[in-house]
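Architecture and fold: a report
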Amino acid sequence: MPEIIIVKDEAEAGELYARCVADLIKAKPDAVLGLATGSSPLAAYQALARVVHDEAIDVSAVRGFALDEYLGLPLTHPESYHSTIHRTVVEPLGLDPEKVHVPGDVLEGAPLEDGIGTDGHIGFNEPGSSLASGTRVKTLAEQTRIDNARFFDGDINQVPMHCITQGIGTIMKARHLVLLAFGAGKAEAIEETCEGGVSAFCPASALQMHPHATIIVDEEAA
């Protein structure tokens, strides 16, 4: 079973994540980080950036791999995950951009941390996803497009219908998985993730089989 930590708010969750990752980088300067987008990780990335700068941690050798990318958006679009990862992670932490990769970069030639969707998806692995490894093209579920419309001025028609994402099998290969969830809207998904059976109906339930998974939630999500 995953380790479950209940915190009072996103700031406290961010501090826990930051300490964990900062200590990892100190012990292993060429650490590989899995990077998620969305709202859930923002406080964690901000806290990590503060620790990196306050403690003068050398991150020049750190590598990063984003979970997914929209198809059909230019990499320069402000809501592409290429742009988002660079804006929220690469620049604040001072990472080497050449060492941070987004699936869309590959399409154009070039611990893992995650949030959870209201339908239990991780990355863009929607309900019904298999445990296979690899990177694959997916059609986004309607609920995911509705949830992500907030990043596109509330207009679901601007949200791409397809994406490329790491498979659940690839995500499960991370040595340490950290899942963040906040708010009552995530409570049902967290319940299924932690207490339901392992099922394709809740892709995040696969974390029950991971040897080192940490789920950090606030009281409402818990």
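Worth saying up front: this structure is predicted, and the values here are computed from it rather than measured.

1. A short note on the pairing of strand 10 (residues 213-218)
- Of all 6 residues that make up strand 10, 6 are buried, and the element is covered over most of its length.
- Of the two faces of strand 10, the one holding Ala213, Ile215 and Val217 and the one holding Thr214, Ile216 and Asp218 are both buried throughout.
- Sheet analysis places strand 1 (residues 3-7) next to strand 10, joined by 5 bridges and oriented parallel. Its bridge partner being in strand 10, valine 7 is matched across the sheet by aspartate 218.
- Summarising the sheet, strand 9 (residues 177-181) and strand 10 pair through 5 bridges and their orientation is parallel. Its bridge partner being in strand 10, leucine 179 is matched across the sheet by isoleucine 215.
- Chirality of the crossover, the property in question, places the unit of strand 9, helix 7 (residues 187-195) and strand 10 among those that are right-handed.

2. Comments concerning the pattern of salt bridges
- Inspection of every chain in the model, using the stated rule, returns 7 salt bridges.
- Where glutamate 55 meets arginine 19, a salt bridge forms, and the shortest distance between an N and an O atom there is 2.8 Å. In this pair, glutamate 55 is assigned in the loop between helix 2 (42-54) and strand 3 (63-66) and arginine 19 in helix 1 (residues 10-27), connecting sequence segments 36 residues apart.
- Glutamate 55 sits in the partly exposed class, given a relative accessible area of 33%.
- With a relative accessible area of 32%, arginine 19 lands in the partly exposed category.

3. Regarding unusual backbone geometry
- Positive phi is not limited to glycine here, since alanine 56 has a value of about 50°.
- Within the secondary structure, alanine 56 is located in the loop between helix 2 and strand 3.

4. Let's talk about a nonpolar patch on the surface
- Taken together, the side chains of Met1, Ile4 and Ile6 make up a nonpolar region of the molecular surface, amounting to roughly 330 Å² of accessible area.
- Assignment of secondary structure puts isoleucine 6 in strand 1.
- For isoleucine 6, a relative accessible area of 53% corresponds to the exposed category.

5. Regarding the environment of threonine 76
- On the secondary structure map, threonine 76 appears in the loop between strand 4 (68-71) and helix 3 (81-93).
- The exposure class of threonine 76 is exposed, given its relative accessible area of 71%.
- Separated by 60 residues in the primary sequence, threonine 76 and leucine 16 place their C-alpha atoms 32 Å from one another.

6. Topic: the nonpolar core
- Core analysis: the biggest nonpolar cluster contains 63 residues, and Leu48, Tyr70, Ile85, Leu95 and Ile190 have the highest contact counts within it.
- Looking at this core, the elements with two or more residues in it are helix 1, strand 2 (32-35), helix 2, helix 3, helix 6 (168-171), strand 9, helix 7 and strand 10.
- Here the element with the most residues in this core is helix 2; it accounts for 7 residues.
- Each residue touching leucine 95, except ones within four places of it in the same chain, is listed here: Val59, Val62, Val89, Val90 and Val100.

7. Let's talk about helix 2
- Along its 13 residues, helix 2 runs 18 Å from first to last C-alpha, staying within 8% of the 18 Å computed at 1.5 Å per residue.
- Those residues of helix 2 lying buried are Ala43, Ala44, Tyr45, Ala47, Leu48, Ala49, Val51 and Val52.
- Just downstream of helix 2, alanine 56 is the residue with a positive phi angle, here 50°.

Rules used throughout
- Residues numbered from 1 in each chain as written.
- Predicted model: local features only at pLDDT ≥ 70, side-chain atom pairs only at ≥ 80, totals over all residues.
- Heavy atoms only, no water.
- Buried < 20%, exposed > 50% of the residue type's maximum accessible area, 1.4 Å probe, protein only.
- Helix = DSSP H or I, 4+ residues; strand = E, 2+ residues; numbered from the N terminus.
- Pairing = 2+ DSSP bridges.
- Right-handed = clockwise from strand over helix to strand, strands pointing away.
- Salt bridge = Lys/Arg side-chain N within 4 Å of Asp/Glu carboxyl O.
- Patch = residues over 30% accessible without salt bridge, like charges linked within 9 Å, V, L, I, M, F, W, Y side chains within 5 Å.
- Areas by Shrake-Rupley, 256 points an atom, 1.4 Å probe, with all protein chains shown as cover.
- Core = buried A, V, L, I, M, F, W, Y, C linked by side-chain atoms within 4.5 Å.
- Contact = heavy atoms within 4.5 Å.
- Expected span 1.5 Å × (residues − 1).

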